[in-house]
Amino acid sequence: MVPSENKNQRGAGRSARQQVQDDLVMATNSSSIVSKRSVERIYYPDEPHFFRFFVKKFQRRAPLINRGYHLRMHIIDVAARRFLQRPSQRKKVIVNLGCGSDVLPWQCLTRYPDHCHHVKFVDIDFPDLMTKKSRIIQGTPELLSPLSGVKTTAEGHVLFQSDEYAQIGCDLRDLTSIERSLSALVSLPDSEFLFVAEVSITYMETEAADGVIRWASSFGQAEFCLLEQIVPDGPDHPFAKTMLRHFEKLKTPLKSVSTYPDLEAQRNRFYALGWAYTDVESLWQAWSNNQWLSPEERKMLDRIEPFDEWEEFALFASHYCIVTAKIGAACGSGWVECKMMGSEYQPTFGAALVGFNDIYVNSDDDPSNRTHVRFRGILAGGLLEDGTVAKQLKQVTVHKAIHSKMDFNAKNFAYVTVPFGDFMQSVSEGSKMYLRALSADHPAEQPANLKTDFPQLADDFQLPEELSFVTENTFSSVLRISGPVNMWLHYDVMANVYCQVVGSKRLILFPPSDVTHLSFAPGSSSSSVDVFSELESSSISLAQTHPHEAVLNPGDILFLPPLWLHTATPLTDLGVAVNIFFRNLESGYSPGRDVYGNRDLAGYEKGRQDVARIANAFSKIPPEMRGFYITRLADELKRKSVE
């Protein structure tokens, strides 16, 4: 059995006052798991309940607290699921830093059993907490039975271990002992790690918390999922004041928010501490992001527990950040994220906070503690059925497809004009529709311009200063919104940048030299080749091509040089992007009207006329001789292209 007391381990190097502070931090676990137990029982009625073994008496929390804690728990679950489901030859290890009484291992073993065969879950927290947790596990068949090879005798800081799960009782500041304990459980060089820190290391001194993040980046192949509070509008914002005062009253102040108050600071934090890739967003952004919650999941929550406290929820969720960081093979391969120098623009799309309202805000952990604040904001534009925000604009003309693989040459779609809100609703319901915005005032005469065509959205988008050349030479700025449809293979004559705002998209690109291998008819900038099907079937039809792949997530910008052939498929139910075409040549563009910015260069259009005249000049010559001379002319023209 594990020893009954480990205070001598926890207290090493800590003053009596500091140990009292540690006890207060541990006490936050008690109130947190009561809220999580409330979420478990209400929102997951058909799953085994594990928090009930750590909470003596069920207390139903208020809907706002339930919704907030559900979102927190869901984010961690999705991060763990993605990690578990990603193919890897290495042993996977999920390390919960400052885990308290969380039951993530049992939830994953229940929800994703097929992906947990070669996985070790490791909980780390103060020895006292881990000792108590170990006793509960050993005395609870529902917690013990999923585990095999159980050892209940403590070995150093390892207080409990099994094939699937282990506990390390150790202060997170003692990284040397933690790493030694981990190496006793798994082979560190042969493992891949996911470190989870849900509102835990923010209670540590900032230098120590940074030390944990830096230490985790040293494991070679690793991910980090951090969820903790921020003060994006400063500590004097009414909600931030209330939140900070609550934790100070508990004598467990949030120690990281002053140094890392907003999303940009958290992003820079992880870059500076050794992480190669970092993605940061608020819980409020995650709420509307289909990568975290699908529309059906959002609708389901309202069916379980009706909810109308959206202003309060927006405030709460805006004061939490999610950091997803990666290093090593976890970053993927091929495309590398570049670090921007100077200011970094954070794209937004969706909800706007405007106006003034008086509301009452409940404390995170104490529903009886209602504090009156003056909240700057209501949700503008109205809420969609799934809890996200739509802005009702004007009529738009969209592609309505009968097949998910649109083909411009076959015209397997129709152009229909619908209200923008109706279009968004149809897309959210899975309709095969695609918007390539046109000029609002003169669609047949002028190129699209986001600022004048969608003034309600234009302020939500701007390019970073590093792309000033694009801004200064812009030809058109096109809003693109897509449902589950592919964009056909085509090329653009003008250079452009494709800015992903919502959802994810996969693109396959080919260099211009591949054009003769991809069935482009003379004079056409579109091909009917279904690239994605050909790649999946390992067809030899693309054997002579040189495909490149890019996956775009929200905030990503892809530069598309002129004439690069490309096709795209959505990876999420909804995709929103802004596509900016710009002139990169001083001359050579075709004169006259060019609404789409995609007319071939003047030299090519004239050259095709010359080709027709040349072919006509040989029309009365025998075929063999005609072929001989036209082939020679074609070869001569090709030689001219490289002179």
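It should be noted that the structure appears before, not after, this text.
An account of the accompanying structure is given in this report.

Reading the values: the criteria
- Residues numbered from 1 in each chain as written.
- Predicted model: local features only at pLDDT ≥ 70, side-chain atom pairs only at ≥ 80, totals over all residues.
- Heavy atoms only, no water.
- Helix = DSSP H or I, 4+ residues; strand = E, 2+ residues; numbered from the N terminus.
- Buried < 20%, exposed > 50% of the residue type's maximum accessible area, 1.4 Å probe, protein only.
- Contact = heavy atoms within 4.5 Å.
- Areas by Shrake-Rupley, 256 points an atom, 1.4 Å probe, with all protein chains shown as cover.
- Pairing = 2+ DSSP bridges.
- Axes fitted to C-alpha atoms, helices over the stretch in contact; angles between N-to-C directions.
- Left-handed = near helix turned anticlockwise from the far one by under 90°.
- Core = buried A, V, L, I, M, F, W, Y, C linked by side-chain atoms within 4.5 Å.
- Patch = residues over 30% accessible without salt bridge, like charges linked within 9 Å, V, L, I, M, F, W, Y side chains within 5 Å.
- Salt bridge = Lys/Arg side-chain N within 4 Å of Asp/Glu carboxyl O.
- Parallel < 35°, antiparallel > 145°, perpendicular 65-115°, else oblique.
- Nonpolar A, V, L, I, M, F, W, Y, C, P; charged D, E, K, R; others polar.
- 1 Å grid on protein atoms, 1.4 Å probe; cavity = no way out; pocket = protein on both sides within 12 Å on 5 of 7 lines; lining within 4 Å.
- Points joined across faces, edges and corners; volume = space filled by probe spheres on them.
- Polar contact = N/O pair within 3.5 Å; in protein donor to acceptor, adjacent residues only side chain to side chain.
- Disulfide = S-S within 2.5 Å.

### As for the overall build of the protein chain
In step 1: A count of helices and strands for the protein chain gives 20 helices and 24 strands.
In step 2: Here the protein chain holds 643 residues, and 51% of them are scored as buried.
In step 3: Long-range pairs, those at least 24 residues apart, make up 76% of the contacts in the protein chain with a sequence separation of at least 6.
In step 4: For the protein chain, the accessible area works out to roughly 29900 Å², and carbon and sulfur atoms hold 53% of it.

### Digging into the sheet that holds strand β19 (residues 505-510)
Within a sheet, neighbouring strands are paired by backbone hydrogen bonds and run either parallel or antiparallel to one another.
In step 1: Pairing in this open sheet of five strands is antiparallel, and the strands run β20-β17-β23-β19-β21 from one edge to the other. The strands lining the two open edges of the sheet, one partner per strand, are β20 (526-527) and β21 (548-552).
In step 2: Bridge count for strand β17 (residues 487-490) against β20 is two bridges, and the pairing is antiparallel. Within the sheet, the bridge partner assigned to Leu489 lies in β20 and is Ser527.

### Quick word on the pairing of β17
In step 1: Bridge analysis of β17 against strand β23 (residues 565-570) gives two bridges, and the strand direction is antiparallel. In the sheet register, Met487 faces β23, and the bridge partner there is Ala568.

### Examining the packing of helix α7 (residues 175-185) against helix α8 (residues 206-217)
In step 1: Where α7 contacts α8, the axes come no closer than 11 Å and their chain directions differ by 35 degrees. Between α7 and α8 the crossing geometry is right-handed. Each of Leu175, Ile178, Glu179 and Leu182 in α7 lies in contact with α8, whose residues at this interface are Gly211, Val212 and Trp215.

### Quick notes on the nonpolar core
Nonpolar side chains tend toward joint burial in soluble globular proteins.
In step 1: Ile94, Leu283 and Phe313 are the most contacted members of the largest nonpolar core, which has 69 residues in total.
In step 2: No other element matches the twelve residues that helix α3 (residues 63-85) contributes to this core.
In step 3: When neighbours within four sequence positions are excluded, Phe313 is seen to be in contact with Leu64, Arg67, Gly68, Leu71, Trp284, Trp287 and Phe307.
In step 4: If you look at the next biggest cluster of nonpolar residues, it comprises 40 residues, including Val93, Ile168, Ile213 and Phe224.

### A short note on a nonpolar patch on the surface
In step 1: Together, Ile621, Met625, Phe628 and Tyr629 give the surface a local cluster of nonpolar side chains, amounting to about 380 Å² of exposed area.
In step 2: With respect to the helices and strands, Ile621 occurs in the loop between α19 (602-617) and α20 (623-641).

### Here's the deal with the sheet that holds strand β15 (residues 433-436)
In step 1: The strand order β14-β13-β15-β16-β24-β18-β22 describes an open sheet built from seven strands, whose pairing is antiparallel. The sheet is open, and its two edges are formed by β14 (413-419) and β22 (557-560), each paired on a single side. On average, each strand axis in the sheet is tilted by 25 degrees relative to the strand beside it, whichever way the strands run.
In step 2: Looking at chain direction, strand β18 (residues 495-502) and strand β24 (residues 575-582) are connected through seven bridges and run antiparallel.

### Overview of the packing of α3 against helix α4 (residues 104-111)
The relative placement of two packed helices comes down to the angle between their axes together with the axis-to-axis distance.
In step 1: Running from N to C, α3 and α4 cross one another at 60 degrees; their axes reach a closest spacing of 11 Å. With respect to α4, the axis of α3 lies oblique. Where α3 crosses over α4, the handedness of that crossing is right-handed. Of the residues in α4, those touching α3 at Met73, Ile76, Asp77, Ala80 and Leu84 are Leu104, Gln107, Cys108 and Arg111.
In step 2: The class makeup of the residues in the contact of α3 with α4 is six nonpolar, one polar and two charged.

### Looking at α4
In step 1: Within α4, six of the eight residues are buried, leaving the element largely enclosed by the surrounding structure.
In step 2: All of the buried residues in α4 are Leu104, Pro105, Trp106, Gln107, Cys108 and Leu109.
In step 3: Structurally, α4 contributes buried residues whose contacts are with α3, β1 (91-97), β2 (119-125), α5 (127-138), α6 (141-144) and β4 (165-169).

### Here's the deal with the layout of surface pockets
In step 1: Computed from the structure, the second largest pocket encloses a volume of approximately 870 Å³.
In step 2: Lining the second largest pocket are 18 residues, with Tyr491, Val515, Thr516, Gly523 and Tyr604 positioned closest to its centre.
In step 3: Looking at the lining of the second largest pocket, the element that brings in the most residues is α19, giving three residues.
In step 4: Split into classes, the residues belonging to the lining of the second largest pocket amount to twelve nonpolar, four polar and two charged.

### Re the pattern of salt bridges
In step 1: In this structure the tally under the stated criterion is 23 salt bridges.
In step 2: A salt bridge links Asp102 to Lys36; the nearest nitrogen and oxygen atoms lie 2.8 Å apart. On the criterion of sequence distance, the pair formed by Asp102 in the loop between β1 and α4 and Lys36 in helix α2 (residues 16-43) is long-range, its members being 66 residues apart. No difference in accessibility class separates Asp102 from Lys36, as the two residues are buried.
In step 3: Salt-bridge contacts for Asp530 lead to Lys405; the nearest nitrogen and oxygen are separated by 3.2 Å. Residue Asp530 is located in the loop between β20 and α18 (531-536), and its partner Lys405 is located in the loop between β13 (395-401) and β14; the two are separated by 125 residues in the primary sequence.
In step 4: Look at Asp530 and you get partly exposed, because its relative accessible area is 24%.

### Quick look at the pairing of β1
In step 1: By the criterion of burial, β1 is predominantly enclosed, with seven of the seven residues buried.
In step 2: Taking every second residue as pointing to the same face, both faces of β1 are buried, with Lys91, Val93, Val95 and Leu97 on one and Lys92, Ile94 and Asn96 on the other.
In step 3: Two strands pair when backbone bridges link them, and β1 and strand β5 (residues 191-198) are joined in this way by six bridges, in the parallel orientation. When the sheet's bridge partners are listed, Val93 is paired in β5 with Phe193.
In step 4: Direction of pairing for β1 relative to β2: parallel, over a ladder of six bridges.

### Overview of the environment of Ser482
In step 1: For Ser482, the location among the structural elements is in strand β16 (residues 474-482).
In step 2: Taking C-alpha positions, Ser482 is 9.4 Å from Ser431, a pair spaced 51 residues apart along the chain.
In step 3: Beyond its immediate sequence surroundings of up to four residues, Ser482 is in contact with Val427, Met433, Tyr434, Lys505, Asp573, Leu574 and Gly575.
In step 4: Of the polar contacts made by the side chain of Ser482, one reaches the side chain of Lys505; its length is 3.4 Å.

### So, the state of the cysteines
In step 1: Overall, the coordinates contain zero disulfides when judged by the stated rule.
In step 2: You can see Cys321 has no disulfide; the closest cysteine sulfur is in Cys225, sitting 9.7 Å from it.

### So, the environment of Arg626
In step 1: Considering the arrangement of structural elements, one finds Arg626 in helix α20.
In step 2: Classification of Arg626 as partly exposed rests on a relative accessible area of 26%.
In step 3: As for Arg626 and Ala615, which are separated by eleven residues in sequence, their C-alpha atoms are 8.6 Å apart.

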